[in-house]
Amino acid sequence: MKLLHPPRFALTELAEAKAFLKAEGFAVIRDVYTPAECDRFCEQLKASIEAICPAAAGVPLAELTAGHLPATDSNGLRGALAQSPAMWGIRQHAETQHLHRYLQDWSEEEELVVSLDKLVLQVGRAPRMGSWLHADTRDPARTALQGTAYLRDATTEEHASLVVVPGSHRRHAELLAAQKKPPTKDYVVWEDASSLA
C-alpha cells in the first residue's frame, strides 16, 4: 500500500475541501487551531494525565511512556481521557463545530451531537501503516462525520495518525460483503489490504 500525501485545505478553501470529501471520503483541513491553542490543549491533557496517573508528574508530554499513562484499549487509544478538559475544548472549539456543520450541511440552528470518542497519544514507535485498516459496519449513509484533531505534527510514517483508503466510502457495502467472518464489533478489520485496491 502506497502512502499518499493528500491536499491540505485552508479554512478559506472549505468549498474545495467539501468537494474533495465527497469524492474521496476524507478531507484534511490545516491550521484549525493556533499554535497557542494546541499548546493549551496539550497542557490541559498533561494535567488530566497527572490527575489520573501521578507517575506522569514532571514528565514532559513527549517523553511519557506506557507506564505513565491510563490503561489503553489498543493502538494508543485512551478512553479514560475522553472526558478531559482538553477533549471537550476541542469538541466545543468554534471553528471545529463550524467545520462539521459546513461539511455536513447542518444549519447553525440544528443541534450538533458530539460522540464520546477517545484520545490517541503516541508512545514510542507508531504502529505499522495498514495494521489497523478497518471499515465501520454502521452508517453507510454518512449521517455522521468522524473528525480527527492533531495537536502536533503527524505528517510522516513515524507518526501515529489516521490512515484512510481514498474512495472506499463508495464501496462500503461491497467491502463489508467481501469479509469471510461476520463482524463481532461495529467495524471489520482487513487482514489483507490488497482487497481494498
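To keep things clear, this report deals only with the structure shown in the data block. Not measured: the values here are computed from a predicted model. What you see as residue numbers is a count from 1 along each chain, following the sequence as written. Totals for whole chains, interfaces and linings use every residue, but because this is a predicted model, local features are given only for residues with pLDDT of at least 70 and side-chain atom pairs only at 80 or more, for both listing and counting. With hydrogens and water excluded, all non-hydrogen atoms of the structure serve as input to the side-chain values.

Each helix is a run of H or I in the DSSP string that is no shorter than four residues. Each strand is a run of E no shorter than two, and both are numbered from the N terminus. Of regular secondary structure, the protein chain possesses five helices and six strands. Ordered by position from the N terminus, the helices and strands of the protein chain form the series β-α-β-α-β-α-α-β-β-α-β. Whether a residue is buried, partly exposed or exposed follows from its accessible area with a 1.4 Å probe, protein chains only, as a fraction of its type maximum: under 20%, in between, or over 50%, in that order. Relative to its full complement of 197 residues, the protein chain shows a buried share of 28%. A contact between two residues is defined here by any heavy atoms of the two lying within 4.5 Å. Long-range pairs, those at least 24 residues apart, make up 64% of the contacts in the protein chain between residues at least 6 apart in sequence.

For the rest of this paragraph, the subject is the packing of aromatic side chains. When the centres of two rings from Phe, Tyr and Trp lie within 6.5 Å, Trp using its six-membered ring, the rings pair. Their planes under 30 degrees apart give stacked, over 60 give edge-to-face, and anything left gives tilted. Scanning the model with the defined rule gives three aromatic pairs in all. A ring pair is formed by Y33 and F41, whose centres lie 5.7 Å apart and whose planes are at 90 degrees; its orientation type is edge-to-face. The ring centre of F41 lies 5.2 Å from the NZ or CZ of R40, which sits over that ring. The rule for a charge over a ring is simple: NZ of Lys or CZ of Arg within 6 Å of the ring centre, and within 35 degrees of the ring normal. Positioned above the aromatic ring of W88, the side-chain terminus of R91 is 4.4 Å from the ring centre.

This paragraph deals with unusual backbone geometry. What you tend to see is this: most non-glycine residues have negative phi, and most peptide bonds are trans. The phi dihedral of D31 is positive, around 55 degrees, even though this residue is not glycine. Inspection of the secondary structure puts D31 in the loop between β2 (28–29) and α2 (35–52). Classification of D31 as exposed rests on a relative accessible area of 56%. Here the phi dihedral of D105 falls at roughly 60 degrees; this positive angle occurs in a residue that is not glycine.

Any Lys or Arg side-chain nitrogen found within 4 Å of a carboxyl oxygen on Asp or Glu counts as a salt bridge. Taken as a whole and assessed by the stated rule, the structure comprises five salt bridges. Ionic pairing is found between K46 and E50, a salt bridge with its closest N-O pair at 2.4 Å. Of this pair, K46 and E50 both sit in helix α2, four residues apart, roughly one helical turn. Residue K46 is classed as buried on the basis of its relative accessible area, which comes to 11%. A salt bridge links R101 to E108; the nearest nitrogen and oxygen atoms lie 3.8 Å apart.

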